[in-house]
Amino acid sequence: MTARGLDGIRVVELGQMVAAPWTAKLLADLGADVIKVEPPHGDPARRRGPYRPDAGDQGDIGGLFAAINTNKRSVVANLSHTDGRLTLDRLLADADLLIHDLTPRAAAELNLMPESLRAQHPSLVTMSITPFGQTGPYADWRAEELQVVHGGGWGWLAPGCVQDPELPPLKPHGHQAAFQSGFAAACASLAAVDRAQRTGGGEYIDFAQMSYVVGMLEAAFIIWSYTGEIPSRLGARILNPWGIFPATDGHIFLVCVESDQWERLKDLMGRPEWADMDIFDTVEGRFENEDLLRMWLGEWIATQSVMDLFHRGQAERLAFAPVNTVAQMAADPHLAARDFLVTYDQPGLGRITVPGAPSRLTKRWWSICRPAPALGAHNGAEFGDGTGTATATPAVPAAGAAGRPLDGVTVADFSWVWAGPYCTLHLAHLGATVIKVESEARPDLGRRLPTQSAHHEPTLDTNGYFNQYGQGKKSITIDMGTAQGRALAKRLALSCDLVVSNYATGVMDEWGLGYESLAAERPDVIVGAVSGYGHHGPYKSYMGYGPTTGPLSGLASMTGYPGGDADELGVSLGDPAAGIATAYALVAALVARRRTGEGQFIDTSMWEATTACTAEGWMEWVLRGSQPEPMGNLDPLWSPHNVYRCAGNDDWVAVCCTDEVEWVALAALTGIDPADERFATVVGRKANENELDKLISAWTRERDQWDVTELLQAAGVPAFPSLSVRSLEENPHLAERGLIERLEHPAVGQMSHIGIPWRLTEGTNGVRAPAPTLGQHTHEVLIDVLGLSPTEISALEASGVLR
């Protein structure tokens, strides 16, 4: 078998549903040997479906389970019995990494807390990925995807631009919080395993999904922190035009971020008289007259064909994107040219085609070597028994402080706005020295967006957007418009362990900083490049922003209110999705290079990184020939599962029941008769969902959202308020976990920012430094990293290179 990047890494998974299994799958797909330890009844995801419509005995593998459990082995162990615990102990003795989603109470009962794991397995890394983390007031509370999305503030923003305040905050389709959290957990896990293999010192990582969601709210939190405004699902967007429009044969999305794009759009339309009206000349004017702009633009788009307008618009460098269905993606020539879709045989489901690697790799480590396993198919399996991957000899634990997993790793950061900076932010959180290359000549758009502090004279250093995603980094200014500047930047790139960019396809090549140019001088170079459509394929030169990927990936066509049209996701998901997918791949490449000495080019398409997280909708189409319609906050199987209005101004609470015990508890509190024949069974509750939701709403409307939450949580029912960004800053659980950072910044002082969503037990925690001012570390980097003398630096300054 061809060598793969994570060969030799041994992983035990104790996970159910999506977050922990997805974390483990990401490692397994790159070569790690993952043994999934399941209870006798198996992972509940096995029974979530979807199944083929003609399936008789549905078996123990549904579509969701199949999609997120490839390349694993399944071992059944009843951990409440001695023999089951011995099975787990035997596996942990040979493992590099344990991934689990146990509550603190359950982990303590199994003796899987940090202290006991450190004593028994000192080199083991443990990734605990749970809704609220292992510490804090909510640590033992119950939560599903619904509560994580709304508790983390994402639901409060979705879908965006809602005109009717009676429409509730919205959950995007599927398990998007779990998928995104899984990428970040895989990234942090790999970094810690890499350190453990070098030093022998293990780690316990306490990852909170709610905290991670808070950190991917785009500009929402810092708009509150820097201006005092509270973004929500209501109202209009600052940048216009922006939105989904009906065309002759479907729907198409358009966003114009900069003024020159608006001018090119007017040219594309033939400069109609209305478009040249003074009221649309400025960003502020288009915001204030968004209703008129949308009306007239919509009338023109309604006469156009989706794919024709997509290609014509992109030819003019306009960010049009089709609102795809799964069927349309399956037939798309760009995805086909990039080999994104993979087909394999899944026992019980037949031959299926699914989304492939979230990033295209020059060294093709990613593959599906083994379909999702039947329950207990590998009972008795051990690491190194010949059925997994080769094992490695663990290092002897070294004395001294653990620090952070990526301490000593350097990153040349040629990125801007969100996707690339989001990637390098997480590398900085893990300890890497991230050197951001920027210029006064063309400052990062993140320094120029309308998110300036309302308390300071606006400069390039007072922008909340940049200050959020620039935390923990260093800044060096280099004028890339000069030959000397490009040569200096190349020298820096070749000196660093990792190189990251997210400029338009071709820009780094034009500067002589593309992968091939760097690899010619340093064969083991590792480069991560993020773009809308990737660096290969017929659409490679197309313009893509984060907002375009919701429509492109099919998520928009599956997201929205029941009975309504396709809608947006509340955040520009493609940016953080591609950013964190690239960070995970970069750390995997770093781990592999330490073993093989080889480099890697990571070509991440925002479209593909987002589509990789559409398992439920994709499998519905693969197995049943259809895809889910927008269903708001509802669930395909569970009921109740919704967001209910509470007493107060626009206050809501997310409540669901996933089993009979939770349902009986909810019924008792709300006064609903659990024996009512309409609600006595899972099938009955789903069939009579509207009536059930009315009864629950009548109860919640009279109560405070936190009173409802605490009552239901005390009874063991998943419940949590839909929180605004203001509520997030004031939240005691997030405060106790140290998520809100208020470091002293040279230009804005102590403003609130979102910090790190995980806590290390052995290493140090907290953001190390505020975002840098423009060029703050130029001399430091030139001296410490490149070894330049003061005379050489003075010469560069005199020639105008360092600006």
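This structure is a prediction, so every number in the text was calculated from the model and none was measured.

Now, about the overall build of the chain: what can you tell me, with residues and values included?
The number of helices and strands found in the chain is 34 helices and 26 strands. Relative to the 2.2 N^0.38 estimate, which gives 28 Å for 803 residues, the radius of gyration of the chain is 26 Å and therefore close to what a compact globule would have. Taking the principal axes of the C-alpha coordinates as reference, the chain spans close to 80 × 65 × 50 Å. Split into buried and exposed, the 803 residues of the chain put 63% on the buried side.

Please provide a residue-by-residue account of the sheet that holds strand E4 (residues 97–100), values included.
The strand order across the open sheet formed by seven strands is E3-E2-E1-E4-E5-E6-E26, and the pairing between neighbours is mixed. One side of each edge strand has no neighbouring strand; the edge strands of this open sheet are strand E3 (72–76) and strand E26 (758–760). On average, each strand axis in the sheet is tilted by 20° relative to the strand beside it, whichever way the strands run. Direction of pairing for strand E5 (residues 125–130) relative to strand E6 (residues 203–208): parallel, over a ladder of six bridges. From the neighbouring strand, Met127 faces E6, where its bridge partner is Ile205.

Help me get a handle on unusual backbone geometry, residues and values and all.
Negative phi characterises most residues that are not glycine, and trans characterises most peptide bonds. Geometrically, the link from Ala158 to Pro159 is a cis peptide bond, its omega value of 5° lying close to zero. Residues Ser639 and Pro640 are joined by a peptide bond in cis, for which omega reads 5°. Along the chain, the position of Pro640 falls in the loop between helix H26 (615–624) and strand E19 (641–645). Located in the positive-phi region is Asp339, a residue other than glycine, with phi close to 55°.

How would you summarise the pairing of E6 if you had to cite specific residues and measurements?
Counting buried residues along E6, six of its six residues qualify, which places the element largely inside the surrounding structure. Side chains Glu203, Ile205 and Phe207 project from E6 onto one buried face, and the interleaved Tyr204, Asp206 and Ala208 project onto a second face that is buried too. Bridge count between E6 and E26: three bridges; the pairing is antiparallel. Bridging across to E26, Asp206 finds its partner in Arg759.

A description of the confidence of the model for the chain should follow, citing residues and the corresponding values.
Looking at the chain, the pLDDT average stands at 95 and 97% of residues meet or exceed 70. In the predicted structure, residues 389–394 sits below a pLDDT of 50 and forms 13 contacts with residues beyond four places in sequence or in another chain.

Describe in detail the packing of aromatic side chains, supporting the description with residues and values.
Tallied over the full model, the rule gives 35 aromatic pairs. With a centroid separation of 6.4 Å and an interplanar angle of 70°, the aromatic rings of Tyr212 and Tyr422 are classed as edge-to-face. Residue Tyr212 is found in helix H9 (residues 209–214), and its partner Tyr422 is found in helix H17 (residues 419–429); the two are separated by 210 residues along the sequence. The exposure class assigned to Tyr212 is buried, which follows from its relative accessible area of 1%. For Tyr422, a relative accessible area of 0% translates into the label buried. With a centroid separation of 5.5 Å and an interplanar angle of 50°, the aromatic rings of Trp418 and Tyr469 are classed as tilted.

Before we move on, can you summarise the environment of Thr791 with the specific residues and values?
With respect to the helices and strands, the residue Thr791 is situated in helix H34 (residues 790–798). Sequence separation of Thr791 and Leu573 is 218 residues, and the distance between their C-alpha atoms is 46 Å.

Describe the packing of helix H8 (residues 176–199) against helix H24 (residues 574–596), with residues and values.
Where H8 contacts H24, the two axes come as close as 9 Å, and the packing angle between them is 20°. When the interaxial angle is binned, H8 and H24 end up roughly parallel. Crossing geometry of H8 relative to H24 is assigned as left-handed. When H8 is examined against H24, the residues Gln180, Phe183, Ala184, Ala186, Cys187, Leu190, Ala191, Asp194 and Arg198 are found in contact with a partner set consisting of Pro576, Ala577, Ile580, Ala581, Ala583, Tyr584, Val587, Ala588, Val591 and Arg594.

Report on helix H11 (residues 259–268), specifying residues and quantitative values.
Within H11, burial applies to Gln261, Trp262, Leu265, Lys266 and Leu268. Across the axial projection of H11, the buried residues extend over an arc of 155°, all falling on one side. In this fold, the buried residues of H11 make contact with strand E8 (250–255), helix H12 (283–288), helix H13 (290–301), helix H14 (306–315) and strand E9 (319–322). Trailing H11 by a residue or two, Gly270 shows a phi angle of about 85°, which is positive.

Tell me about the pairing of E19, and name the residues and values.
Summarising burial for E19: five of the five residues are buried, a large majority. By the alternation rule, side chains of E19 split into His641, Val643 and Arg645 and Asn642 and Tyr644, which are all buried. Bridge count between E19 and strand E20 (residues 652–656): five bridges; the pairing is antiparallel. Following the sheet pairing, His641 is matched in E20 by Cys656. Connecting E19 to the next strand, E20, in antiparallel fashion are six residues, including Gly648 with a positive phi near 110°.

Before we move on, could you go through the environment of Arg404 and cite the residues and values that matter?
Along the chain, Arg404 turns up in the loop between strand E12 (360–361) and strand E13 (410–414). The class of Arg404 is buried, set by a relative accessible area of 6%. In this structure, the C-alpha to C-alpha distance between Arg404 and Gly174, residues 230 residues apart in sequence, is 33 Å. Leaving out residues up to four positions away in the same chain, Arg404 has contacts with Arg195, His429, Leu430, Gly431, Ile756, Thr764, Asn765, Gly766 and Arg768.

Reading the values: rules and limits
Residues numbered from 1 in each chain as written. Predicted model: local features only at pLDDT ≥ 70, side-chain atom pairs only at ≥ 80, totals over all residues. Heavy atoms only, no water. Helix = DSSP H or I, 4+ residues; strand = E, 2+ residues; numbered from the N terminus. Rg over C-alpha atoms; globule rule 2.2 N^0.38 Å. Buried < 20%, exposed > 50% of the residue type's maximum accessible area, 1.4 Å probe, protein only. Pairing = 2+ DSSP bridges. Axes fitted to C-alpha atoms, helices over the stretch in contact; angles between N-to-C directions. pLDDT = per-residue confidence, 0-100. Contact = heavy atoms within 4.5 Å. Phe/Tyr/Trp six-rings, centres within 6.5 Å; stacked < 30°, edge-to-face > 60°. Parallel < 35°, antiparallel > 145°, perpendicular 65-115°, else oblique. Left-handed = near helix turned anticlockwise from the far one by under 90°. Arc of directions from axis to C-beta.

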